Amino acid sequence: MRIIGFALALLAALAFGLYMVPRRFSHSSSWDFSTYMGIGIAVTLAVPLLAGPGPFVLRGFLLALLSGLVFALATHLFVLAVDRLGLTRATPVKNLAGVFGTLFGLTILAEYRSAGLGVVLQLVAGSVMIAVGAYLIGGVGALTKSPGGASARGQTSGFVLAFLSAACFGFYLVPLRLSLPLGSGLGYLGMGIGTLAGLLAPRLFVGRIGWSARDSSLGLLAGVLLALGVLFGTPATRLIGLSVAWPLTQLNTFVALAAGLYWLHEFDARRERGRLFAATLLTVVGIGLLALL
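Cut-offs and rules
Residues numbered from 1 in each chain as written. Predicted model: local features only at pLDDT ≥ 70, side-chain atom pairs only at ≥ 80, totals over all residues. Heavy atoms only, no water. Helix = DSSP H or I, 4+ residues; strand = E, 2+ residues; numbered from the N terminus. Buried < 20%, exposed > 50% of the residue type's maximum accessible area, 1.4 Å probe, protein only. Contact = heavy atoms within 4.5 Å. Areas by Shrake-Rupley, 256 points an atom, 1.4 Å probe, with all protein chains shown as cover. Lys, Arg positive; Asp, Glu negative; His and termini not counted. Charge placed at Lys NZ, Arg CZ, Asp CG, Glu CD. Phe/Tyr/Trp six-rings, centres within 6.5 Å; stacked < 30°, edge-to-face > 60°. Lys NZ or Arg CZ within 6 Å of the ring centre and 35° of its normal. Salt bridge = Lys/Arg side-chain N within 4 Å of Asp/Glu carboxyl O. 1 Å grid on protein atoms, 1.4 Å probe; cavity = no way out; pocket = protein on both sides within 12 Å on 5 of 7 lines; lining within 4 Å. Points joined across faces, edges and corners; volume = space filled by probe spheres on them. Nonpolar A, V, L, I, M, F, W, Y, C, P; charged D, E, K, R; others polar. Axes fitted to C-alpha atoms, helices over the stretch in contact; angles between N-to-C directions. Parallel < 35°, antiparallel > 145°, perpendicular 65-115°, else oblique. Left-handed = near helix turned anticlockwise from the far one by under 90°.

A. Molecular detail of the overall build of the protein chain. Along its length, the protein chain carries 13 helices and zero strands. The N-to-C order of helical and strand elements in the protein chain reads α-α-α-α-α-α-α-α-α-α-α-α-α. In terms of overall dimensions, the protein chain has a C-alpha envelope of 50 × 50 × 30 Å along the principal axes. In the protein chain, which comprises 293 residues, the share counted as buried stands at 53%. Restricting the contact set of the protein chain to residue pairs at least 6 apart, pairs at least 24 apart contribute 91%. Accessible area of the protein chain: about 12,400 Å², with a carbon and sulfur share of 73%. Counting 19 positive and 7 negative side-chain charges, the protein chain places the averaged centre of each group 5 Å from the other.

B. Representation of the packing of aromatic side chains. Enumeration according to the criterion identifies 10 aromatic pairs in this entry. On the basis of an interplanar angle of 50° and a centroid distance of 5.7 Å, the ring pair of F56 and F61 is categorised as tilted. Take F56: its relative accessible area is 53%, and that puts it in the exposed class. An aromatic cluster of three or more residues is present, and its members are F100, F104, F163 and F171. Above the plane of the ring of F78 lies K94, whose end atom (NZ or CZ) is 5.0 Å from the centre.

C. Region of interest: the environment of F56. For F56, the location among the structural elements is in the loop between α2 (30-46) and α3 (58-85). Note: C-alpha distance between F56 and S30 (26 residues apart in sequence) is 35 Å. When neighbours within four sequence positions are excluded, F56 is seen to be in contact with F61, L182 and L186.

D. Inspection of the pattern of salt bridges at higher detail. Using the criterion set out here, one finds three salt bridges in the structure. Taking the shortest distance from any N to any O, the salt bridge between D32 and R203 comes out at 2.6 Å. You can see D32 sitting in helix α2 and its partner R203 sitting in helix α9 (residues 184-206), a full 171 residues away along the chain. Given a relative accessible area of 7%, R203 falls into the buried group.

E. Structural context of the side chain of T249. Along the chain, the position of T249 falls in helix α11 (residues 242-249). In this structure T249 comes out as buried when scored by relative accessible area, which is 0%. Not counting chain neighbours up to four residues away, the residues in contact with T249 comprise A9, A12, A13 and F16.

F. Just empty space enclosed by the protein, in detail. By the definition in use, this model includes three cavities of 30 Å³ or more. There is about 60 Å³ of room inside the largest cavity. Lining the largest cavity, in full, are F16, Y19, K94, N95, A97, F169, L226, W246, Q250 and N252. For the lining of the largest cavity, the per-class residue count stands at six nonpolar, three polar and one charged.

G. Looking closely at the packing of helix α1 (residues 2-18) against helix α10 (residues 213-240). Here α1 crosses α10 at 155°, and the two axes come no closer than 8 Å. Between α1 and α10, the angle is such that the two are roughly antiparallel. Remark: the crossing between α1 and α10 carries left-handed chirality. The residues of α10 that touch α1, namely those facing R2, I4, G5, F6, L8, A9, L11, A12, A15, F16 and L18, are L225, L226, L228, G229, V230, F232, G233, P235, A236, L239 and I240.

H. Region of the structure containing helix α4 (residues 87-94). Counting buried positions along α4 yields eight of eight residues, so the element is predominantly enclosed. Listed as buried for α4 are L87, T88, R89, A90, T91, P92, V93 and K94.

By themselves, these are just geometric observations and shouldn't be taken as functional.
Here it is as structure tokens:
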């Protein structure tokens, strides 16, 4: 079961690394893009209902809705960060969610509480190494294209937005985990409804939702990919714990890095070999520490 947990976490990393790529090809506003993402997320998270809803518990359903609202906030913050920084730089900062996930898993969910100080220190060390590796990747050279011609002030705000997104992404699984014994199908449904409400409601106050077949499809695709990451990542946290699974999903940094290099042309890999090697080494060691728990 532990191997399955690791495999699911890695599949989640793949989905989490790719879901924001469509944003770099879209010309819609951040609000419109987030709205269509919300639709894609809600529809995809409703699919598990086909396997059976499971028991309904009002408190659990409300917690799932809360999880969706937090997820919606994290999603829109990250869209804004990518607009200012590009995918390559925004993703590693957002991936500090792994550190937040470990922190919340240890403090709120009381994971590994009886395992001893040595195990906890090993877990924290592995998570921090993965986060530092992600941070190093975030510093790869200057972008060949600065998104929207972002100023230094705009880039600073982008890093702040990505950091706040990380905190929200690190937290949203906590209420979802606490929603038990709510059936998992209803849990995902509640999260999808909460996410759609969180992304759609603010847009209605801004004005009419824009529509174009191409940009709307890109937003829907981003939402589907993000929801697939959730569907892979959530059972992984149940099998190997939030404290371990969430840092592993942050390997999406390397997926985003590849996308930034080959699709988006955001940096020159030849000038960043040393930094990339150090980041890879730290990440591999961090994964090894988590795998040995």
